[in-house]
Amino acid sequence: MVTLAEVAQHAGVSASTVSYVLSGKRSISATTRQRVEQSIRDLGYHPNAGARALASSRSNIIALMIPLRTDMYVPVMMEIAIAVATTARTHGYDVLLLTGEEGPDAVRRVTGSGLADAMILMDVQLDDERLPLLRETDQPSVLIGLPSDTTGLTCVDLDFTATGALCVEHLAKFGHRDIAVIGEAPAVYERHTGFAERTLDGLRSRSRELGVRLLHRPCEGGYDAMALTLARILDERPGTTGFVVQNESAVEPLLALLRQQGRAVPEDVSVVAVCPDQVAVQASVRLTSVAIPAQEMGRHAVAQLIAKLDGRGADEVVLIAPELTVRASSGPAPSGTS
C-alpha cells in the first residue's frame, strides 16, 4: 500500500504539504497542489479513512435511514438507495445503510456518535417522530418524502398529490365516473405515510372537482387479499369501471381476477397504476401508469445534501412533477356508464 511519505517523495515536497493538500486546511500554491495531486494519481494513493477523518473532522459517510418494512415495496426503496450510494460516491462519500425501524433512536445514534457527516431519511410519515431531532441538530439532513410541516427541513419527493389528481383526470377524460382506488396495506395508512396519504388527497380532491365518485380500499396485496378487496368494491360499487392501483403486489392479482370474471381490460374496465415502469410494462396487460422516479429522487437528495455540507444549501422542498404514460390498460368507459 502506498504511503503518504512515498507520495511526498514522488512529488518532491514534505509529508506535511501532502497532508495540507488532502485536508485543505492551509493554502497551497496551485503549482504545488497540482504536483501533489498528480503524484497521488500516479501512485494510486488512497488516504486512510480513519486518519482522514481525524484530520478533517469528517467521516465522509452519509447515513441513509431506510426502514425495510414488510408492507412496503422493497425494490423501489432499494433503487433509491442504490441511486443515493452511486451519486454519493461521485462526491467522495460512502453510504451507511440503517434498515431498522428505530425511529428517533437512529437519529440520536448518528448525531451522537459521529458515525456520519449527514443523513438522508426515507419512509417519511406526515408527523414523523424523527423530525424534531433533525430540527434541533446542526448535522445536515434531507428527507426523501414530505411531512405535513416542512419548516426547517429539506425534502425531495415525487409530487404525489399531483400524481393522484393526474390519475383521476386521465380516467375521467375517458368517461369513467365510478373509480376505485386499490391502495397500500392498511398499516401504511395507519402510520400516515406521506406518499400514500398525499396520493389519496390528490385523488379525492380532483374527483370532487370533476364530479367523479371515488372509493378507496387498502389492500395487503397478493391474490387472496386482492380477491376479497375486489369483491368488496364491486359489492359496494357494482358500476365501477376505473381502477387506480397504488400497490405493486396487487397489480397482477387484480388483472387475473378481472380476467376470471370476464371483465376485459380496457374494454370493460380501465386500470391505471402508480408504480415503477418495470412493473407496468411487465404486467400481463401493459399498464397506463405514473412512474416512481426512484433514481431521480436519490440523485436530488444527495445533491441537496452535498450543497449543505459545502455550506451552499438552504432548506427547500423539491417536488418532481408526475408523468403519466398511456399504455394498453386504459380506454373509454363502456357505453351507458358515463
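Just above, that's the structure.
Residues numbered from 1 in each chain as written. Predicted model: local features only at pLDDT ≥ 70, side-chain atom pairs only at ≥ 80, totals over all residues. Heavy atoms only, no water.

Would you mind going over helix 6 (residues 104-113) in detail, with residue names and values included?
Of all the residues in helix 6, the buried ones are Pro 104, Ala 106, Val 107 and Val 110. Projected down its long axis, helix 6 carries its buried residues within an arc of 160°, all on one side. Summarising the contacts, the buried residues of helix 6 are in contact with strand 1 (61-65), strand 2 (94-98), strand 3 (118-121) and helix 7 (131-136). One or two positions beyond helix 6, positive phi appears at Gly 114, with a value near 75°. (Buried < 20%, exposed > 50% of the residue type's maximum accessible area, 1.4 Å probe, protein only. Helix = DSSP H or I, 4+ residues; strand = E, 2+ residues; numbered from the N terminus. Arc of directions from axis to C-beta. Contact = heavy atoms within 4.5 Å.)

Provide a residue-level description of the sheet that holds strand 4 (residues 141-144), including the pertinent values.
Taken in spatial order, the six strands line up as 2-1-3-4-5-11 in an open sheet, and their pairing is parallel. Strand pairing shows two members of the sheet lacking a second neighbour, strand 2 and strand 11 (317-320), which therefore form its edges. Ignoring which end each strand starts from, the neighbouring axes of this sheet average 20° apart. For strand 1 and strand 3, the ladder comprises four bridges, and the chain directions are parallel. In the sheet register, Ile 62 faces strand 3, and the bridge partner there is Ala 118. (Pairing = 2+ DSSP bridges. Axes fitted to C-alpha atoms, helices over the stretch in contact; angles between N-to-C directions.)

If you had to explain the pairing of strand 5 (residues 155-158) to someone new, which residues and values would you point to?
In strand 5, alternate side chains face the same way, and those of Cys 155 and Asp 157 on one face and Val 156 and Leu 158 on the other are all buried. As paired elements, strand 5 and strand 11 share four bridges and run parallel to each other. By the bridge assignment, Asp 157 is partnered in strand 11 with Leu 319.

I'd love a proper account of the packing of aromatic side chains, names of residues and values included.
Counting across every chain of the model gives one aromatic pair. Relative to Phe 195, the ring of Phe 160 lies with its centre 5.6 Å away and its plane at 50°, an arrangement referred to as tilted. Here Phe 160, found in helix 8 (residues 160-173), pairs with Phe 195, found in helix 10 (residues 194-210); they are 35 residues apart in sequence, far enough to count as distant. Overall, Phe 160 belongs to the buried group, its relative accessible area being 5%. Seen from the ring of Phe 174, Lys 173 lies directly overhead, with NZ or CZ sitting 5.3 Å from the centre. (Phe/Tyr/Trp six-rings, centres within 6.5 Å; stacked < 30°, edge-to-face > 60°. Lys NZ or Arg CZ within 6 Å of the ring centre and 35° of its normal.)

Hey, could you go over the pattern of salt bridges for me, with residue numbers and the actual values?
Taken as a whole and assessed by the stated rule, the structure comprises 15 salt bridges. In this structure, Arg 191 and Asp 71 form a salt bridge, with 2.9 Å as the shortest nitrogen-oxygen distance. Placement of the pair is Arg 191 in the loop between helix 9 (186-190) and helix 10 and Asp 71 in the loop between strand 1 and helix 5 (74-90), with a sequence separation of 120 residues. Exposure remark for Arg 191: the relative accessible area of 17% places this residue in the buried category. Note on Asp 71: relative accessible area 18%, which makes it buried. The shortest N-O distance in the salt bridge between Glu 236 and Arg 217 comes to 2.6 Å. With a gap of 19 residues between them, Glu 236 in helix 11 (residues 223-236) and Arg 217 in strand 7 (residues 213-218) connect regions that are remote in the sequence. Residue classification places Glu 236 among the partly exposed positions, given a relative accessible area of 34%. (Salt bridge = Lys/Arg side-chain N within 4 Å of Asp/Glu carboxyl O.)

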